[in-house]
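# Close look at the chain arrangement
Letter by letter, the chains look like this.
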Amino acid sequence: MGPYAETALCSPCAPDGTVLHPGDVYRQTLACLDLIRESLEAVGMTMADVVKTRIYVVNPEHWKESGRAHGEVFADIRPALGWIYMSSFFAPGITVEVEATAYRAA
């Protein structure tokens, strides 16, 4: 494994595909970040290794709640962050999706 890890775009969905917390931007963001944490741990990394995140939202107003959740998770880490606005997501009820890049020096 190299020093980088890139997650796929994480959706706030349960393993069976059920949308978690429909319409709740804050809780969906936390769910996405939890999936990112699990993915990083599977390859021996932690959230402290995250250097960049991208939050995808349909409604530009959702930056506030998604940013609040992101700020809580990354309060001491402070990765670069960008928002990307989408026209829609694959399932009704999804308000946000998140992806991340992590780096750990050898």
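Summarised in this report is the structure supplied together with it. Owing to the predicted nature of the structure, the values given are computational and were not obtained by experimental measurement.

Counting across every chain of the model gives 2 aromatic pairs. A centroid spacing of 4.8 Å and a plane angle of 50° characterise the contact between Tyr4 and Tyr103, whose relative ring orientation is tilted. Placement of Tyr4 in strand 1 (residues 4–6) and of Tyr103 in strand 4 (residues 96–103) is noted, with a sequence separation of 99 residues between them. Ring centres of Trp63 and Trp83 lie 6.0 Å apart, and the angle between their planes is 80°; on these two criteria the pair is classed as edge-to-face. Of this pair, Trp63 sits in helix 2 (residues 63–73) while Trp83 is found in strand 3 (residues 80–85), placing the two residues 20 residues apart along the sequence. Assessed through its relative accessible area of 28%, Trp83 is described here as partly exposed. A cation over an aromatic ring shows up here: Arg68 above the ring of Tyr26, its NZ or CZ 3.8 Å from the ring centre.

Procedures and definitions
Residues numbered from 1 in each chain as written. Predicted model: local features only at pLDDT ≥ 70, side-chain atom pairs only at ≥ 80, totals over all residues. Heavy atoms only, no water. Phe/Tyr/Trp six-rings, centres within 6.5 Å; stacked < 30°, edge-to-face > 60°. Helix = DSSP H or I, 4+ residues; strand = E, 2+ residues; numbered from the N terminus. Buried < 20%, exposed > 50% of the residue type's maximum accessible area, 1.4 Å probe, protein only. Lys NZ or Arg CZ within 6 Å of the ring centre and 35° of its normal.

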